[in-house]
Amino acid sequence: MQKIGHFIDGKHVEGTSGRFADVYNPATGEVQAQVALASQAEMDAAIASAAAAQPAWAATNPQRRARVMMKFVDLLNRDMDKLAEALSREHGKTLPDAKGDVIRGLEVAEFCIGAPHLLKGEFTEGAGPGIDMYSMRQPLGVVAGITPFNFPAMIPMWKFCPALACGNAFILKPSERDPSVPIMLAELMIEAGLPAGLLNVVNGDKAAVDAILDDETIQAVGFVGSTPIAQYVYSRATASGKRAQCFGGAKNHMIIMPDADLDQAADALVGAGYGAAGERCMAVSVAVPVGKSTADALIEKLAPKVEALKIGPYTAGNDVDFGPLVTKEALARVKGLVDQGVKEGANLVVDGRNFSMQGYEDGFFMGGCLFDNVTKDMDIYKTEIFGPVLSVVRAENYEEAVDLPLSHEYGNGTAIFTRDGDTARDFASRINIGMVGINVPIPVPLAYHTFGGWKKSGFGDLNQHGPDGFKFYTRTKTVTSRWPSGLKDGAEFVIPTMK
Ligand code: NAD
């Protein structure tokens, strides 16, 4: 059985805790590897290696650090197929979607090539007589990222690329479900010229996370995962004085106005609801058609599309729409929520629970499910299902439709499909959600903007990537300087003001 260890100080290191987790091939249901779960001592070794390497890296000029990122981008492109295959084999998503996972991370590495510009400080000449004032952004030191299973390439890169470009050392604790790609990324960073010790990948579970949260060297923690763990990580990290940004779960609504192009809306819903088997924090899981005729027509268009979805293993290449769920437990949980929806009285228009694939009977597959007449009080509406299940909640008018995402506890993404500019503008302005699409179902901002949800989808005050990423991984120091020519008045006992 293949054993996956850690990557510390520029080398592969075997796990020594004696604890391992199974890594599955979700398409076949087989255990394909075992990943080591780090002990406190292993985490301490990684942090020590990072702390030793960081000062010299911080003193390396930002252009040289950016050149490492440039080379890293080249290497990601060189190894794209290999990375995508390893990713699909452990996660289950299709190969084109796995490449998308890598590319959305690569784009953040590209943005980080602009580090010299992004790290430029501020300067005021003549802030007072003979006085200049300047602010600089300095790295925090050793920082950490804890990432989820559903984007094992993209989310680690969203975190370590800006952190490293800013001059920090990084400890990555990736998901134990799909640990291979994060280690491959760390190898590529070394090949790109990153000195050893600056990017350590430590595999593990709660014990490794707690070791990060309680450590006194680590200055900041970036987390992405489910809301209860995001809240836990945020409160424990901040209690020990760390900077933290923790992104959680989602329930993304898409409103379909009566004037929308319904064919376009139905296509958008199928891609955004069922792509990656619904295991995306930006997946659309609730469709809100406005008015009975919009709802009836939408269901009529959606049902055959959902029935026709092509489900299969990643080895089928481009010929599948989505693959299996990540684990047997995830599959049982999603099917259980569909059972619950039926019990609660929602109308299951397409039932994918009994999907089975010849030759892959032990894989964690299920077909797409489509619910109509879901209501606000149902568990399937309140809970993040994280599977290939789309719920239609009918609204009588625009106000009733907007009230659904406005009053839902999650606030990651949302979308509206309409031809009316006033309605779209009103929606974008009023909605209390971090990322908004207008005729765009999955509005994931590009690398030079920032990504982050509101309400229970995000804790902390800065977003991921874009300019916020550089702010999160640096702190400001402001220097006020006066040279002797300005020192003429002797001692001053009153706080200086610009009268
Ligand atoms: P998860 O919360 O189970 O795990 C995330 C990370 O936390 C993993 O590294 C895991 O090892 C660690 N972890 C798990 N249990 C822990 C515990 N008890 N104590 C400490 N650490 C623990 O999430 P997941 O299942 O890997 O990912 C899916 C979730 O992530 C979904 O809720 C999805 O919406 C969310 N997500 C959010 C975003 C976003 O940007 N908001 C992006 C992707 C995924």
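Residues numbered from 1 in each chain as written. Predicted model: local features only at pLDDT ≥ 70, side-chain atom pairs only at ≥ 80, totals over all residues. Heavy atoms only, no water.

## Observations regarding helix α14 (residues 398-407)
Reasoning step 1: Of the residues making up α14, those classed as buried are Y398, A401, V402, L404 and P405. The buried residues of α14 all sit within an arc of 145° when viewed along its axis, so they share a single face.
Reasoning step 2: You can read the cap of α14 off the contacts: a side-chain oxygen lies 3.3 Å from the backbone nitrogen of E399, and it is on N397. (Buried < 20%, exposed > 50% of the residue type's maximum accessible area, 1.4 Å probe, protein only. Helix = DSSP H or I, 4+ residues; strand = E, 2+ residues; numbered from the N terminus. Arc of directions from axis to C-beta. Polar contact = N/O pair within 3.5 Å; in protein donor to acceptor, adjacent residues only side chain to side chain.)

## Here's the deal with the sheet that holds strand β23 (residues 474-482)
Reasoning step 1: The strand order across the open sheet formed by three strands is β6-β7-β23, and the pairing between neighbours is antiparallel. Every interior strand has two partners, whereas the edge strands, β6 (122-128) and β23, have only one. If you compare each strand with its neighbour and ignore which way they point, the axes differ by 25° on average.
Reasoning step 2: For β6 and strand β7 (residues 131-139), the ladder comprises four bridges, and the chain directions are antiparallel. Paired with G128 across the strands is I131, a residue of β7. (Pairing = 2+ DSSP bridges. Axes fitted to C-alpha atoms, helices over the stretch in contact; angles between N-to-C directions.)

## A closer look at empty space enclosed by the protein
Reasoning step 1: A full pass over the atoms with the stated rule returns three cavities of 30 Å³ or more.
Reasoning step 2: Size it by volume and the largest cavity reaches roughly 90 Å³.
Reasoning step 3: Taken together, 15 residues make up the lining of the largest cavity; nearest its centre are G278, R280, A283, S285 and F386.
Reasoning step 4: Among the residues making up the lining of the largest cavity, the classes are represented as seven nonpolar, five polar and three charged.
Reasoning step 5: In this structure, the second largest cavity spans a volume of roughly 50 Å³.
Reasoning step 6: As for the second largest cavity, its lining consists of M154, I155, W158, V224, F247, G248, C281, N412, F451 and Q464.
Reasoning step 7: Residue classes in the lining of the second largest cavity are distributed as seven nonpolar, three polar and no charged. (1 Å grid on protein atoms, 1.4 Å probe; cavity = no way out; pocket = protein on both sides within 12 Å on 5 of 7 lines; lining within 4 Å. Points joined across faces, edges and corners; volume = space filled by probe spheres on them. Nonpolar A, V, L, I, M, F, W, Y, C, P; charged D, E, K, R; others polar.)

## Section: the side chain of T327
Reasoning step 1: Tracing the backbone shows T327 in the loop between α11 (292-307) and α12 (328-343).
Reasoning step 2: Looking at T327, its side chain comes within polar contact range of the main-chain nitrogen of A330, at 3.0 Å.
Reasoning step 3: When near neighbours in sequence (up to four residues on either side) are disregarded, T327 contacts R177 and F364. (Contact = heavy atoms within 4.5 Å.)

## Here's the deal with the packing of aromatic side chains
Reasoning step 1: Within this structure, the stated rule accounts for eleven aromatic pairs.
Reasoning step 2: Between F123 and Y134, the ring centres sit 6.3 Å apart and the planes meet at 25°, which makes this aromatic pair stacked. Taken together, the positions of F123 in strand β6 and Y134 in strand β7 put the pair eleven residues apart, joining distant regions of the chain.
Reasoning step 3: Residue Y134 is classed as partly exposed on the basis of its relative accessible area, which comes to 31%.
Reasoning step 4: Where W158 meets F451, the ring centres are 4.7 Å apart and the plane angle is 55°; that geometry is what we call tilted. Residue W158 is found in helix α6 (residues 154-165), and its partner F451 is found in the loop between β20 (435-438) and β21 (454-455); the two are separated by 293 residues along the sequence.
Reasoning step 5: Exposure remark for F451: the relative accessible area of 4% places this residue in the buried category.
Reasoning step 6: Taken together through their ring pairs, the aromatic side chains of F72, F160 and F170 make up a single cluster.
Reasoning step 7: Here K93 stacks its cationic end above the ring of F151, 4.0 Å away from the centre of that ring. (Phe/Tyr/Trp six-rings, centres within 6.5 Å; stacked < 30°, edge-to-face > 60°. Lys NZ or Arg CZ within 6 Å of the ring centre and 35° of its normal.)

## Examining the site of the ligand
Reasoning step 1: Residues in close proximity to the ligand total 26 residues, the closest being T147, K173, E176, S226 and E384.
Reasoning step 2: The contact in question runs from an oxygen atom of the ligand to an N or O atom on the backbone of T147, over 2.8 Å.
Reasoning step 3: Between the ligand and K173, the relevant distance is 2.7 Å, taken from an oxygen atom to a side-chain nitrogen or oxygen of the residue.
Reasoning step 4: If the ligand stood free it would expose 840 Å²; the protein chains cover 86% of that surface.
Reasoning step 5: For the shell around the ligand, the secondary-structure elements that each account for two or more residues are α8 (206-214) and β11 (218-224).
Reasoning step 6: Its residues assigned to classes, the shell around the ligand shows 13 nonpolar, nine polar and four charged.
Reasoning step 7: Of the residues that make up the shell around the ligand, three or more belong to each of domain 1 (2-248 + 457-479) and domain 2 (252-438). (Near = heavy atom within 4 Å. Areas by Shrake-Rupley, 256 points an atom, 1.4 Å probe, with all protein chains shown as cover. Domains from an automatic or database assignment.)

## Notes on the domain arrangement of the protein chain
Reasoning step 1: One can read the domain layout of the protein chain as domain 1 (2-248 + 457-479) and domain 2 (252-438).
Reasoning step 2: For domain 1 versus domain 2, the separation of C-alpha centres amounts to 31 Å.
Reasoning step 3: If you look at the interface, domain 1 gives 22 residues, while domain 2 gives 25 residues.
Reasoning step 4: Of the roughly 1,900 Å² buried at the junction of domain 1 and domain 2 (both faces included), carbon and sulfur atoms supply 64%.
Reasoning step 5: For the domain 1 face of the interface with domain 2, the top three residues by lost area are A27, T94 and S457, together amounting to 25%.
Reasoning step 6: Summed over the shared surface of domain 1 and domain 2, the number is one salt bridge.
Reasoning step 7: One salt bridge in this structure joins D97 and R280, with 3.0 Å as the shortest N-O distance.
Reasoning step 8: Our enumeration of links across domain 1 and domain 2 arrives at six residue pairs in polar contact (both at pLDDT 80 or more).
Reasoning step 9: Going through the elements one at a time, α3 (80-91) and α4 (95-112) are the ones with two or more residues in the side of domain 1 that touches domain 2.
Reasoning step 10: With five residues, the top contributor of residues to the side of domain 1 that touches domain 2 is α3.
Reasoning step 11: Split by residue class, the side of domain 1 that touches domain 2 holds seven nonpolar, nine polar and six charged. (Buried area = accessible area lost by both parts, 1.4 Å probe. Salt bridge = Lys/Arg side-chain N within 4 Å of Asp/Glu carboxyl O.)

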